[in-house]
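If you want the building blocks of each chain, they are given just below.
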Amino acid sequence: MRNNRAMTAFPHRIAVLALDGVVGLDLGTPAQVFSTARDADGTPMYAVEVCTAGGRPVRSTAGYQVVPDHGLDLLDSADTVVVPGVHENPALTDGTLDPQVYDALRRAYDRGTRIMSICTGAFVLAAARLLDGRPATTHWAYAARFRRLHPRVDLDPDVLFIDDGQVLTSAGVAAGIDLCLHVIRTDHGTEVANRAARRCVVPPWREGGQAQYIERPVPKVTDTSTAAAREWARLRLHEPVTLRDMAEQSRMSVRTFTRRFRSETGLSPAQWLLQQRTDHARLLLETTDLSIDQVAHRAGFGTAAALRQQLHQRLGVAPSTYRRTFRHP
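Here we summarise the structure given alongside this text. From a predicted model like this one, the values you see are computed outputs, not experimental measurements. (Residues numbered from 1 in each chain as written. Predicted model: local features only at pLDDT ≥ 70, side-chain atom pairs only at ≥ 80, totals over all residues. Heavy atoms only, no water.)

Observations concerning the overall build of the protein chain
Looking only at helices and strands, the protein chain features 14 helices and 10 strands. Taking the principal axes of its C-alpha atoms as reference, the protein chain extends roughly 70 × 40 × 35 Å. The buried share among the 329 residues of the protein chain stands at 48%. Partitioning the contacts of the protein chain with sequence separation of at least 6, the portion at a separation of at least 24 is 65%. Surface accessibility of the protein chain: about 15900 Å² in total, with carbon and sulfur atoms responsible for 50%. (Helix = DSSP H or I, 4+ residues; strand = E, 2+ residues; numbered from the N terminus. Buried < 20%, exposed > 50% of the residue type's maximum accessible area, 1.4 Å probe, protein only. Contact = heavy atoms within 4.5 Å. Areas by Shrake-Rupley, 256 points an atom, 1.4 Å probe, with all protein chains shown as cover.)

Put into structure tokens, the structure is as follows:
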């Protein structure tokens, strides 16, 4: 159980901070998940309330307004603060924050309150300078923007959530459920968290990370100097493809080809080829009934063991687990 002074109070008070453009699902996740955590007598372990700046209504992304019961003063008495994701909000567009919200979050942090974000709520925490020098995550689709706005944060867009002690962040949408269950598990143990997960009809723990959900479309061939070689290699992933073979397709020396390849793709030819084989294996696992051995062969890994090692290293899951997640029966 977390060594947290807030856990001495019962129930644990959670303040959900809704900003303009709040994501509807993210807003409802804390109340839904934490309300299912109960002790052996059925007594709720958490009390969840919603607040906004000035207690004013805010727009949600789901086509309705949120009319809260509290203003920012709720953060001064909360044991945990949760910031849901936002769209079309200055925190997301230019990294700025309402000074009142900034001050309220900083006060909560300074007095030791646990602070969590769901999805793009990480932009709010970063704008409040609560993530500087910390590991954090957010929705993979916003990773490039996050890095541009907040270069001091150690962003990891491949994981479902990160628990860095007092500050916790989660990836997009459903990863907020994973984080809430993690907090329940940390506060009260596996049994309570598992009961909460069953009430929510979700797995108590998901294998792997966000990387398995990131879209990596096959890039179109362009007129860049190594494009033809890349397309040639992509059609031969099941064959042994060497650096010299690819260089010959571009009529370049290996040294010149390697330099231009890295300049155009940001990767070495070997790294790029491994990524293409991994993506092709994922596609085969999602869309075919081929055995794991056959997938490994067609993607150019040779053996199922090599494919398992690569998928586990890149996605955190085994091929069979990945297929169960993405292959419809």
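Here's the deal with the side chain of Arg 277
Within the secondary structure, Arg 277 sits in helix α11 (residues 269-287). Of the side chains bearing the opposite charge, Glu 239 lies closest to the buried Arg 277, which forms no salt bridge; the N-O distance is 8.1 Å. Looking at Arg 277, its side chain comes within polar contact range of the main-chain oxygen of Leu 237, at 3.0 Å. A distance of 3.5 Å separates a polar atom in the side chain of Arg 277 from the backbone oxygen of Ala 299. (Lys, Arg positive; Asp, Glu negative; His and termini not counted. Salt bridge = Lys/Arg side-chain N within 4 Å of Asp/Glu carboxyl O. Polar contact = N/O pair within 3.5 Å; in protein donor to acceptor, adjacent residues only side chain to side chain.)

Things to note about the pairing of strand β1 (residues 12-17)
Most of β1 is tucked away: five of the six residues are buried. As paired elements, β1 and strand β2 (residues 46-51) share six bridges and run parallel to each other. Bridge assignment links Arg 13 to a residue of β2, and that residue is Ala 47. In this fold, the crossover linking β1 to β2 by way of helix α1 (residues 24-34) has right-handed handedness. (Pairing = 2+ DSSP bridges. Right-handed = clockwise from strand over helix to strand, strands pointing away.)

Examining the packing of α11 against helix α13 (residues 304-315)
The interhelical angle for the contact between α11 and α13, taken along N-to-C directions, is 100°, at an axis separation of 11 Å. As far as their axial angle goes, α13 and α11 are roughly perpendicular. For the pair α11 and α13, the contacting residues are Gln 271, Leu 274, Gln 275, Thr 278, Ala 281, Arg 282 and Leu 285 in the first and Leu 307, Gln 310, Leu 311, Arg 314 and Leu 315 in the second. Among the residues forming the contact of α11 with α13, the class breakdown is six nonpolar, four polar and two charged. (Axes fitted to C-alpha atoms, helices over the stretch in contact; angles between N-to-C directions. Parallel < 35°, antiparallel > 145°, perpendicular 65-115°, else oblique. Nonpolar A, V, L, I, M, F, W, Y, C, P; charged D, E, K, R; others polar.)

With respect to the packing of aromatic side chains
Going through the model one piece at a time under the given rule, you end up with five aromatic pairs. Judged by centre distance (4.8 Å) and plane angle (50°), the ring pair of Phe 34 and Tyr 46 falls under tilted. Separated by 12 residues along the polypeptide, Phe 34 in helix α1 and Tyr 46 in strand β2 bring together distant segments of the chain. Put simply, the rings of Phe 123, Tyr 142 and Phe 146 pair up and form one aromatic cluster. The ring of Phe 261 is capped by Arg 230, whose NZ or CZ atom sits 6.0 Å from the centre of that ring. (Phe/Tyr/Trp six-rings, centres within 6.5 Å; stacked < 30°, edge-to-face > 60°. Lys NZ or Arg CZ within 6 Å of the ring centre and 35° of its normal.)

Let's talk about the pattern of salt bridges
Counting across every chain of the model gives 11 salt bridges. A salt bridge links Asp 76 to Arg 107, with the shortest nitrogen-to-oxygen separation between them at 3.2 Å. A residue pair is termed long-range when its members are at least 10 positions apart, and Asp 76 in the loop between β4 (65-66) and β5 (80-83) and Arg 107 in helix α3 (residues 99-110) qualify at 31 residues. Relative accessible area serves as the criterion here: at 36%, Asp 76 is assigned to the partly exposed category.

Some thoughts on the state of the cysteines
If you walk through the whole model with that rule in mind, you get zero disulfides. Cysteine Cys 51 remains unbridged, with the sulfur of Cys 180 as its closest cysteine sulfur at 15 Å. Cys 180 takes part in no disulfide bond, and the closest cysteine sulfur to it belongs to Cys 200, at a distance of 9.0 Å. (Disulfide = S-S within 2.5 Å.)

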